[in-house]
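What follows is the residue order along each chain.
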Amino acid sequence: MSKLIVNGGNRLSGEVSIGGAKNSTVALIPAAILADTPVRFDSVPDILDVHNLMLILKSMNVSSTFKGDVLTIDPTNIVEAPLPSKAIKSLRASYYFMGALLGRFQRAVVSFPGGDNIGPRPIDQHIKAFKALGAEVSEVDGTVTIKTGPKGLHGAQIFLDIVSVGATINTILASVKAPGTTVIGNAAKEPEIIDIATFLNNMGANIRGAGTDVIRIEGVPTLQAKNTHTIIPDRIEAGTYLSLAAAIGDGVLITNIIPEHLESFVAKLEEMGCDLTVYEDSIYVGRSQHLKPIRIKVMPYPGFATDLQQPITPLLFKADGRSVIIDTIYPQRIKHISQLNKLGGRIKSKDTDEGIIVVDNSPHLKGAKVDAGEIRAGASLLIAGLMADGVTEISHAENIMRGYGSLVDKLTGLGADVKLSVEDEERV
Ligand SMILES: CC(=O)N[C@H]1[C@@H](OP(=O)(O)OP(=O)(O)OC[C@H]2O[C@@H](n3ccc(=O)[nH]c3=O)[C@H](O)[C@@H]2O)O[C@H](CO)[C@@H](O)[C@@H]1O
Ligand SMILES: C=C(OP(=O)(O)O)C(=O)O
């Protein structure tokens, strides 16, 4: 277990650069096994999920090296092998090996994925898509077995019942090499989906419409990497630093941002009265004063991201009145609430069916021992700990490290007093 020790109270200033998007990276790595050549990514974040995905690749005789922010993967000697269930369970995105292995070998055996404990996370839409593409799917004791007949997979029309990032990407991975045309209706529109499609198209795939709710895929027989793929910046990491800068900053420039990916988030900060200057690929956050309470409704992209509903909470503590958050995607994403209460945060869950969270002005935060139940709950505790007087000890910090690269260095660079104590070196 890792612990973050935060000595709160310092005002932060300076510049911080955002890394590559976790939710792109964790799909691009499994997607790499579809290639018939080595592949190379840059702007790769140094996060725990990447190291666990590399362990999974190794179990299939796929070599990978990660130096600086460059990750190279050589899938040319890939073999089918049992995947390490501890690593698979350490992250959500291991489900992308279902689609990627199906695309590569026409079959896959993968344990049920792990990832953040944020309420029920079924994969019925992924399975529905695999079946439509011609696969048989069975699940026994948490292991999903996906098989195809002698003809393998074929293109199909799939209409997703729910807008799902994972099901959209998994369908792309499974169908990108399947003969015929696949059409995904009610597809998710997240920028990370465009990033995956760009990577695959640059290797010869034929995917059109990524970023809209209808994606058309013509299967191609081979995928070959010809250049390095640069991963898009992480809009969730960016949003987290925006919230932190608005809450305790005295002038912070956040660089390597695509502001268009953060429109719904920036709009809410502006509605609160935060002092923001949006440039082409960076955002400056001045010292904020007299913040107004807001109402947030979490929605699929381009709506307000569920992954940012917790990181914005500490900033809402500074607003002059009651703010309300409704998380329509994960109504039970409330692991932060009891922990923020320990720090003196006035926040409560009003209805876990509707996902209603109420946040009141909380001017006196005080350090305490808290637990990061999941990645974004942890991010909210970290920001609140930086705002609080005294020392905050955040246990299970490895959940935060799943998605925030060079965290301690970035915060220290802004003037924060934060230390990481790692009690167990194991990756998973
Ligand atoms: C690795 C990754 O990219 N993770 C992101 C991805 O997770 P993930 O891809 O798991 O989330 P989805 O977009 O699939 O989930 C959206 C909603 O659909 C439901 N659902 C999903 C699939 C399915 O087969 N059946 C079903 O009912 C989920 O329970 C949830 O309520 O999108 C989430 C929603 O933006 C983000 O919080 C996660 O950070
Ligand atoms: C929920 C998240 O991640 P994952 O889907 O990887 O668990 C997240 O990044 O906020």
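Looking at an unreviewed UniProt entry, one finds the protein named UDP-N-acetylglucosamine 1-carboxyvinyltransferase, with Lentilactobacillus raoultii as its source organism. Per UniProt, the comment on the protein under Catalytic activity (unreviewed entry) is "phosphoenolpyruvate + UDP-N-acetyl-alpha-D-glucosamine = UDP-N-acetyl-3-O-(1-carboxyvinyl)-alpha-D-glucosamine + phosphate". As recorded by UniProt, the Sequence similarities (unreviewed entry) comment attached to the protein reads in full: "Belongs to the EPSP synthase family. MurA subfamily."

1. What about a negative patch on the surface?
On the surface, Glu260, Glu263, Glu280 and Asp281 cluster together to form a negatively charged patch. Considering the arrangement of structural elements, one finds Glu260 in the loop between strand E14 (249-255) and helix H9 (263-272).

2. Some thoughts on the pairing of strand E8 (residues 143-148)
As paired strands, strand E6 (residues 108-111) and E8 are joined by 4 bridges and run antiparallel to one another. The residue bridging Val110 from the neighbouring strand is Val144, located in E8. Looking at chain direction, strand E7 (residues 135-140) and E8 are connected through 6 bridges and run antiparallel. Note on E8: the bridge partner recorded for Ala135 is Thr148. The antiparallel hairpin formed by E7 and E8 contains 2 residues in its connecting segment, where Asp141 sits at a positive phi of about 50°.

3. Some thoughts on the pairing of strand E19 (residues 347-351)
Relative to strand E20 (residues 356-359), E19 runs antiparallel, the two sharing 4 bridges. Following the sheet pairing, Ser349 is matched in E20 by Ile357.

4. Concerning the UniProt feature "active site" (unreviewed entry) in the protein
UniProt records the feature "active site" (unreviewed entry) for Asp116 in the present numbering. With respect to the secondary-structure elements, Asp116 resides in the loop between E6 and helix H5 (124-132). Excluding residues within four positions of it along the chain, Asp116 makes contact with Arg121, Glu374, Ile375 and Arg402.

5. Quick word on the nonpolar core
Formed by 74 residues in total, the largest nonpolar core has its most connected members in Phe41, Phe97 and Leu200. Leave out the neighbours within four places in its chain, and Phe41 touches Leu28, Ala32, Asp69, Val70, Leu71, Ile73, Phe199, Thr228, His229 and Ile231. In terms of nonpolar packing, the next biggest core, distinct from the first, is built from 70 residues, Ile294, Leu315, Ala372 and Ile383 among them.

6. Some remarks on the pattern of salt bridges
Within the structure shown, the criterion is met by 13 salt bridges. Note that Asp360 and Arg322 form a salt bridge whose closest N and O atoms lie 2.9 Å from each other. Linking Asp360 in the loop between E20 and strand E21 (369-371) with Arg322 in the loop between helix H10 (313-316) and strand E18 (323-327), this pair joins segments that are 38 residues apart in sequence. The exposure class of Arg322 is partly exposed, given its relative accessible area of 45%. One salt bridge connects Arg333 with Glu374, and the closest N-O pair in it is separated by 3.5 Å. Of the two residues, Arg333 is situated in the loop between E18 and helix H11 (335-342) and Glu374 in the loop between E21 and helix H12 (375-387); the sequence distance between them amounts to 41 residues. A relative accessible area of 2% means that Arg333 is categorised as buried.

7. Some remarks on the UniProt feature "binding site: phosphoenolpyruvate" (unreviewed entry) in the protein
Mapped onto the present numbering, the UniProt feature "binding site: phosphoenolpyruvate" (unreviewed entry) falls at Lys22 and Asn23. Lining residues of the largest pocket drawn from the annotated list: Lys22 and Asn23. Discounting chain neighbours no more than four positions away, the residues touching Lys22 are Ile47, Asp49, Asp234, Ile375, Arg376, Arg402 and Gly403. Since its relative accessible area comes to 26%, Asn23 is described here as partly exposed. Dropping the residues within four chain positions of it, Asn23 is found in contact with Glu192 and Asp307.

8. Section: the site of ligand 1
Neighbouring ligand 1 are 21 residues; Tyr95, Gln125, Ser164, Val165 and Asp307 lie closest to it. The separation between an oxygen atom of ligand 1 and a polar side-chain atom of Arg92 is 3.1 Å. In the model, an oxygen atom of ligand 1 is placed 2.8 Å from a nitrogen or oxygen of the Gly166 main chain. For the shell around ligand 1, the secondary-structure elements that each account for two or more residues are helix H1 (22-31), H5 and helix H6 (165-175). The element contributing the most residues to the shell around ligand 1 is H5, with 3 residues. Partitioned by chemical class, the residues of the shell around ligand 1 number 10 nonpolar, 6 polar and 5 charged. Each of domain 1 (2-19 + 233-422) and domain 2 (22-230) gives at least three residues to the shell around ligand 1.

9. Digging into empty space enclosed by the protein
Across all of its chains, the model carries 4 cavities of 30 Å³ or more by this definition. The space that makes up the largest cavity amounts to roughly 60 Å³. Looking at the largest cavity, the residues that line it are Thr240, Tyr241, Leu244, Ala379, Leu382, Ile400, Tyr404, Leu407 and Leu411. Listing elements by their share of the lining of the largest cavity, those giving two or more residues are helix H8 (235-248), H12 and helix H14 (407-413). The biggest single contributor to the lining of the largest cavity is H8, with 3 residues.

10. Focus: the site of ligand 2
Near ligand 2, the surroundings consist of Lys22, Arg92, Gly115, Asp116, Ile118, Arg121, Asp307, Arg333, Ile375, Arg376 and Arg402. Between an oxygen atom of ligand 2 and a side-chain N or O atom of Arg333, the distance comes to 2.9 Å. Between an oxygen atom of ligand 2 and a side-chain N or O atom of Arg402, the distance comes to 2.6 Å. Isolated, ligand 2 exposes 300 Å² of accessible area, and the fraction of that covered by the protein chains is 94%. Under a 2 Å grid-point criterion requiring more than half of the atoms, the pocket assigned to ligand 2 is the largest pocket. Of the residues contributing to the shell around ligand 2, the split by class is 2 nonpolar, 1 polar and 8 charged. When residues of the shell around ligand 2 are sorted by domain, at least three fall in each of domain 1 (2-19 + 233-422) and domain 2 (22-230).

What counts and what doesn't
- Residues numbered from 1 in each chain as written.
- Chains lettered and ligands numbered in written order.
- Predicted model: local features only at pLDDT ≥ 70, side-chain atom pairs only at ≥ 80, totals over all residues.
- Heavy atoms only, no water.
- UniProt positions renumbered as here; feature names shortened; annotations may be inferred.
- Patch = residues over 30% accessible without salt bridge, like charges linked within 9 Å, V, L, I, M, F, W, Y side chains within 5 Å.
- Areas by Shrake-Rupley, 256 points an atom, 1.4 Å probe, with all protein chains shown as cover.
- Salt bridge = Lys/Arg side-chain N within 4 Å of Asp/Glu carboxyl O.
- Lys, Arg positive; Asp, Glu negative; His and termini not counted.
- Charge placed at Lys NZ, Arg CZ, Asp CG, Glu CD.
- Helix = DSSP H or I, 4+ residues; strand = E, 2+ residues; numbered from the N terminus.
- Pairing = 2+ DSSP bridges.
- Contact = heavy atoms within 4.5 Å.
- Core = buried A, V, L, I, M, F, W, Y, C linked by side-chain atoms within 4.5 Å.
- Buried < 20%, exposed > 50% of the residue type's maximum accessible area, 1.4 Å probe, protein only.
- 1 Å grid on protein atoms, 1.4 Å probe; cavity = no way out; pocket = protein on both sides within 12 Å on 5 of 7 lines; lining within 4 Å.
- Near = heavy atom within 4 Å.
- Polar contact = N/O pair within 3.5 Å; in protein donor to acceptor, adjacent residues only side chain to side chain.
- Nonpolar A, V, L, I, M, F, W, Y, C, P; charged D, E, K, R; others polar.
- Domains from an automatic or database assignment.
- Points joined across faces, edges and corners; volume = space filled by probe spheres on them.
- Sits in = over half its atoms within 2 Å of the grid points.

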